[in-house]
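Geometric and topological summary
The chain contents come next:
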Amino acid sequence: MKSAFFLALFVLAAGAVAAQTNVVTLSGTIKEMDQKAPLPYVNVTLLMPADSAFVTGGITNEAGLFSMVGVKPGDYLLRVTYVGYRPRVQAVRVGQLSEFLNVGTLELTEDVAQLGEVVVTAQQEAIAGTMDKKTFSVADNISQAGGSVLESMKNLPGVTVDGDGKVLLRGNDRVMVLLDGKQTALTGFGGQSGLANIPASAIEKIEIINNPSARYDANGNAGIINIIYKKEKKEGFNGKVGMAVGVGALWQKATNFPGIRPQYQATPKLNPSISLNYRKNKVNLFLQGDNLYTQTLNKNEFTDRFYDTGPVIRQQLKRNRNTNIITGKAGFDWFANANNTISVSGLFSSEKIIDRGDEPFFNGNLSERLRLWQFLEDELKTTVTASAGWQHKFSQPGRLLNVGLNYTFHREDEKYFFTNSLPSFTGTDSFKLLSDEHVGDLTIDYVQPLRYGRVEAGAKLRRRYIPTNMQFFPGLNSPLDVNAGGEATYSEVIPALYGSYVFESKRVEVEAGLRYEYVDLQYRVNPNHNTYKSDGYHYAQPFPNVRLTYKLDDNNRFSLFYNRRVDRPNEVDIRIFPKYDDAEIIKVGNPALRPQFTTSFELGYKTSWNAGYLYSAAYHKEMQATITRIGSMVPGSTLIYNIFQNAGRSRNTGLEVAASQKLSPRVTVNVNLNGYQSTIDAFAVTNLYPVRNTFSAGRQQLLSGNAKVNGLLRFEKQVEAQLTAIYLAPDLVPQGRIDSRFSIDGGIKKVVQGGKGEWFLNATDIANTLRIRRQVQGEGFRFVSTDYYETQVFRVGYSHKF
């Protein structure tokens, strides 16, 4: 084999001599001196030896690899620079015998003095050169420090957060959320959840991927959010401790209807955190822990319902919430040798929620109280994940084999206790829900570098199993549908294969991939359920993606994207149980719900200059079997049932613009504008619960968007300040619209103790202007609601590195 290998090299060299190459592709790998770990985003420049004139340059990718195309034969200096490491300069001779020159591995030595004494103010451009990913450092988001990941995302370009705590990308909530590149029950498998449960203090950065490659699961038509935990790489024992305290709801936005318990005010927040890391020789141990305690006015929604038959009902839904979330993550990396690394980690999260709710119902002029619905929710969510991975690095730089095994357990233990007060009687009711989710993933990924690109291939097998049991305990004249409870089991098996090819030349980049998934989903329902029966579906579908990039020069490029994705109904979307946290606008799942398939097109342009960049993208999405909630009534009742349905075809067409400009060494401004038109075609559906009824709606269309302006100010003595303004235009919601929203956030931080300590002070929704107003039109009714939930929070915190 060795003889054949050297013979092949000889033949290639002979061919290169005959060809007399005019330009060469120069490549190599940058690693850390001590741990031999690849370093991403390292600046590599090629200079003339006489006067250090710039020739070309680039940055390393996540595997530490760099590549420079179009280098003419000659003698050069290769300069490598990276924040926190000593610069390295090496002479390089580019000959004419080969079109491809690999300089091998260059190692950088950590600059301890620089790390301890210098505050780095330069920031990596958020938008990748390929325009398929945006990366944001959580530490840079001063105005949201000390809160949750969900709160940190509110200020990110292209991201909005709705009143239910869901993240939207370009106005779309069909987002797949990953933790360190993996799906977990903590953030949801079929749909997003739990982002308010993850403290921002534990997170290093957040990646937003609008056009995912075939390597990722096919679900999530809006894109992917990848949340990356902090992990130290320094040798020895080191860590970080922090404490953040805050207070919210300093004054009332809207006063209560008469006769109910007070709404929360001056709500306390507390977030202690610790991160420990020990690295020596071949072993790296890490531990992270956070406790996020909050009191919040979680909901304070006033709704006026108008019925075609004449009645008007006015109601308020107020929910005071106490939440305590304990999160811990621990694990180790074992660098067995230069080619093999084994990583094992585990995550534990316990979220305790106590909700105390009041929902009074009045007539149109508030002269008569018709009903008072009060509830206590006692819920415990427990999540445990275990991950193991093996990475093998072949002798060829960039050639990798990754094998991973991931298991997640998530328990939802929820108890509701209701008091139903009417003029003629008072009844007490309750229910208990227990749900245990088990998910196992096995993944294999392989990367093979090529002369002008790479090939990726892999496989994944998922097994997901969720038994649930809803038990109703009715009281006097109970309004609960006790025959809609019982056991149900969600079972899902998904094997998948993918392949991807990446080609890069001086002017053109091509990425083409195909993912093929088979899905078998079965939902077994209690045979005594009064409406729903067991159901399920299966399909085998291809999900292609293509990215074409044309580079005008080093600073200007166009990219064209094509993507096909799917959104499978999540288990909670098809649950057979009615939910009574709102007593007269009741949410119910639908076991007959089917997947939503989406085809996306996008054209992007990016230009960069020394002090900033401009990025713009025109996009279009076509959805089939659109998943949405439909509100409907049944004859003889004023109750409204919100039931998930496939509403037919819809589309979303828009334009996004993001710009960043460093106005001076002390002032940087970032602007993000996103405008889109949402369209839902006319449709008709049949709701089965609680009795069969048909709903139809005409075509809906609305032009919407959002604007964000972020200013970063740098002062003397290592002080930074941030101010962010957010405007959300009116938008389309099922059967109606949501009105415009506006808020301003601000924060300031100061680095102390030679870079080891940091203080911050911030405030969200400083003017307390954010509220959510909806207008919904159904058959036989309409309603208008405004939610004055808690949005204003002031925080102060301190962290110390050691």
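Residues numbered from 1 in each chain as written. Predicted model: local features only at pLDDT ≥ 70, side-chain atom pairs only at ≥ 80, totals over all residues. Heavy atoms only, no water.

**Brief notes about the overall build of the protein chain**
Helix and strand content of the protein chain: three helices and 44 strands. Computed over the C-alpha atoms, the radius of gyration of the protein chain is 28 Å, within 12% of the 28 Å expected from 2.2 N^0.38 for a compact globule of 802 residues. Along the three orthogonal principal directions, the C-alpha set of the protein chain runs to about 95 × 60 × 45 Å. Relative to its 802 residues, the protein chain shows a buried fraction of 52%. Counting only contacts in the protein chain whose residues sit at least 6 apart along the sequence, the fraction spanning at least 24 positions is 67%. Surface exposure of the protein chain reaches about 33900 Å², of which carbon and sulfur atoms provide 59%. For the protein chain, the distance from the average position of its 89 positive side-chain charges to the average position of its 76 negative side-chain charges is 3 Å. (Helix = DSSP H or I, 4+ residues; strand = E, 2+ residues; numbered from the N terminus. Rg over C-alpha atoms; globule rule 2.2 N^0.38 Å. Buried < 20%, exposed > 50% of the residue type's maximum accessible area, 1.4 Å probe, protein only. Contact = heavy atoms within 4.5 Å. Areas by Shrake-Rupley, 256 points an atom, 1.4 Å probe, with all protein chains shown as cover. Lys, Arg positive; Asp, Glu negative; His and termini not counted. Charge placed at Lys NZ, Arg CZ, Asp CG, Glu CD.)

**Observations concerning the nonpolar core**
Grouped together as the largest cluster of nonpolar side chains are 48 residues, with contacts concentrated most on Trp-373, Phe-418, Tyr-580 and Tyr-689. Ignoring any residue separated from it by four or fewer positions in sequence, one finds Tyr-580 in contact with Trp-373, Phe-418, Phe-472, Pro-479, Leu-480, Asp-481, Ile-586 and Tyr-689. Among the nonpolar cores identified, the runner-up in size contains 26 residues, and Phe-136, Val-167, Ile-198 and Ile-208 belong to it. (Core = buried A, V, L, I, M, F, W, Y, C linked by side-chain atoms within 4.5 Å.)

**Digging into empty space enclosed by the protein**
In this approach the atoms are scanned with a rolling probe the size of a water molecule, which exposes any empty space left behind. A complete count under the given rule lists nine cavities of 30 Å³ or more for this structure. Computed from the structure, the second largest cavity encloses a volume of approximately 90 Å³. Taken together, 15 residues make up the lining of the second largest cavity; nearest its centre are Ala-249, Trp-251, Gln-252, Lys-253 and Leu-297. Broken down by class, the residue content of the lining of the second largest cavity amounts to seven nonpolar, six polar and two charged. (1 Å grid on protein atoms, 1.4 Å probe; cavity = no way out; pocket = protein on both sides within 12 Å on 5 of 7 lines; lining within 4 Å. Points joined across faces, edges and corners; volume = space filled by probe spheres on them. Nonpolar A, V, L, I, M, F, W, Y, C, P; charged D, E, K, R; others polar.)

**Some thoughts on the pattern of salt bridges**
For the coordinates displayed, the defined rule picks out 52 salt bridges. Across the pair Arg-575 and Glu-412 runs a salt bridge whose closest N-O atoms are separated by 3.2 Å. Within this pair, whereas Arg-575 is found in the loop between strand E26 (556–567) and strand E27 (585–588), its partner Glu-412 is found in strand E20 (residues 400–421), the two being separated by 163 residues in sequence. Across the pair, exposure class does not vary: Arg-575 and Glu-412 are buried alike. Between Lys-749 and Glu-758 there is a salt bridge, with its nearest N and O atoms 3.9 Å apart. (Salt bridge = Lys/Arg side-chain N within 4 Å of Asp/Glu carboxyl O.)

**Digging into the side chain of Asn-674**
Turning to its location among the elements, Asn-674 is positioned in strand E33 (residues 667–680). Taking the relative accessible area as the measure of exposure, Asn-674 reaches 3% and is therefore buried. Ignoring sequence-local partners within four residues, the contact set of Asn-674 consists of Arg-170, Tyr-619, Leu-655, Glu-656, Ser-704, Gly-705 and Asn-706.

**Some thoughts on the confidence of the model for the protein chain**
Close inspection of predicted coordinates is inappropriate for parts of the model with low pLDDT. Chain-level statistics for the protein chain give a pLDDT mean of 88 and a share of 94% at 70 or above. Below pLDDT 50 for its whole length, residues 1–20 participates in seven contacts with residues either more than four positions away or in separate chains. Low pLDDT, under 50, characterises residues 113–122; the predicted model gives this stretch 15 contacts beyond four residues in sequence or across chains. (pLDDT = per-residue confidence, 0-100.)

**Considering the packing of aromatic side chains**
Applying the stated criterion across every chain, the model contains 23 aromatic pairs. Taking the centre distance of 6.3 Å and the plane angle of 80 degrees together, the rings of Phe-472 and Tyr-580 count as edge-to-face. Placement of Phe-472 in strand E22 (residues 453–473) and of Tyr-580 in the loop between E26 and E27 is noted, with a sequence separation of 108 residues between them. Phe-472 gets classed as buried once you look at its relative accessible area, which sits at 11%. Accessibility expressed as a relative area gives 5% for Tyr-580, which makes it buried. Considering the side-chain rings of Tyr-537 and Tyr-539, the 6.3 Å spacing of their centres and the 5 degrees angle between planes classify their relative orientation as stacked. Its relative accessible area of 10% is what places Tyr-537 among the buried residues. Counting every residue linked through ring pairs, the aromatic cluster contains Trp-373, Phe-375, Tyr-416, Phe-418, Phe-431, Phe-472 and Tyr-580. (Phe/Tyr/Trp six-rings, centres within 6.5 Å; stacked < 30°, edge-to-face > 60°.)

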